[in-house]
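Reading the structure
The chain contents come next:
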Amino acid sequence: RVEDANELLETMERLADDFQDDSLRPSAKCYNTMIWMYAKQGKPHQAESILMEMLQSSNKNLEMDLWSWNGVLTAWAEAGDANAESHIQRLIQQLEQKVEEEDAESGRKYSEILTASIYNKLLGCYAQPPKNKSREGARMAAEKAQA
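What this report covers is the structure whose coordinates are included nearby.

Between two packed helices, both the angle of their axes relative to each other and the distance between the axes serve to describe the pair. Helix H2 (residues 28–40) packs onto helix H1 (residues 2–19) with a crossing angle of 155° between their chain directions and a minimal axis gap of 10 Å. Viewed along their axes, H1 and H2 adopt a mutual orientation that is roughly antiparallel. Considering how the two elements wind past one another, H1 and H2 form a crossing that is left-handed. Of H2, the residues touching H1 (which contributes Val2, Ala5, Asn6, Leu9, Met12 and Glu13) are Cys30, Tyr31, Met34, Met37 and Tyr38. Grouping the constituent residues of the contact of H1 with H2 by class yields nine nonpolar, one polar and one charged.

It is worth spelling out a nonpolar patch on the surface at this point. A surface patch of nonpolar side chains, about 280 Å² in accessible area, is lined by Leu15, Phe19 and Leu24. Within the secondary structure, Leu24 sits in the loop between H1 and H2. By relative accessible area, Leu24 is classed as partly exposed at 32%.

In contact at an axis separation of 8 Å, helix H3 (residues 44–56) and helix H4 (residues 66–78) are set at 160° when each is read in the N-to-C sense. The angle between H3 and H4 places the two elements in the roughly antiparallel class. Once H3 is placed against H4, the crossing between them reads as left-handed. Each of Pro44, His45, Ala47, Glu48, Leu51, Met54 and Leu55 in H3 lies in contact with H4, whose residues at this interface are Ser68, Trp69, Val72, Ala75 and Trp76. Among the residues making up the contact of H3 with H4, the classes are represented as nine nonpolar, two polar and one charged.

Moving on to the pattern of salt bridges. In total, this model carries six salt bridges according to the counting rule given. The residue Glu3 makes a salt bridge to Lys43 at a minimum N-O spacing of 3.7 Å. Placement of Glu3 in helix H1 and of Lys43 in the loop between H2 and H3 is noted, with a sequence separation of 40 residues between them. Residue Lys43 is classed as partly exposed on the basis of its relative accessible area of 25%. Across the pair Asp22 and Arg25 runs a salt bridge, and its minimum N-O distance is 2.8 Å.

Below, the discussion takes up H1. Across its 18 residues, H1 extends 26 Å between first and last C-alpha, which sits within 8% of the 26 Å expected from 1.5 Å per residue. Regarding H1, the residues found buried are Val2, Asn6, Leu9 and Ala16. Looking straight down H1, one finds its buried side chains confined to an arc of 85°; they lie on one side. The exposed residues of H1 that point more than 90 degrees off its buried face are Glu3, Glu7, Leu8, Asp18 and Phe19. Taken together, the buried residues of H1 touch H2 and H3. Gln20 sits one or two residues past H1 and shows a positive phi near 50°.

About the cut-offs
- Residues numbered from 1 in each chain as written.
- Predicted model: local features only at pLDDT ≥ 70, side-chain atom pairs only at ≥ 80, totals over all residues.
- Heavy atoms only, no water.
- Axes fitted to C-alpha atoms, helices over the stretch in contact; angles between N-to-C directions.
- Helix = DSSP H or I, 4+ residues; strand = E, 2+ residues; numbered from the N terminus.
- Parallel < 35°, antiparallel > 145°, perpendicular 65-115°, else oblique.
- Left-handed = near helix turned anticlockwise from the far one by under 90°.
- Contact = heavy atoms within 4.5 Å.
- Nonpolar A, V, L, I, M, F, W, Y, C, P; charged D, E, K, R; others polar.
- Patch = residues over 30% accessible without salt bridge, like charges linked within 9 Å, V, L, I, M, F, W, Y side chains within 5 Å.
- Areas by Shrake-Rupley, 256 points an atom, 1.4 Å probe, with all protein chains shown as cover.
- Salt bridge = Lys/Arg side-chain N within 4 Å of Asp/Glu carboxyl O.
- Buried < 20%, exposed > 50% of the residue type's maximum accessible area, 1.4 Å probe, protein only.
- Expected span 1.5 Å × (residues − 1).
- Arc of directions from axis to C-beta.

Put into structure tokens, the structure is as follows:
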């Protein structure tokens, strides 16, 4: 049950704050598990919310990886949401911006995350039956996936 798992994640964060002990904080694996649980339940908003928590976290030990981003993109790609493409495009642009801003001190290697599989999520959305799909977005995804 995803709600119970989410409550446990919040409890771990609260305990880490209360005891000032970062070893009690959830790991990236914990967060990724939550992202993928939401993705499999067709809840892309919640999956993205977990990713945003990871991005805003001051926990330097919290290493996002391809699974973090791919889980959220998968959630959007498989949700059947009419605006999935725009959500995926926005997330990809955010990741591209992170690559440009990459800070050696951050310890987060966004350039290692930005792979063809990320762009393939957007291409997958455009492979769905047409629902006012943007040709510009499809062209952008195809060019990036080939790069």
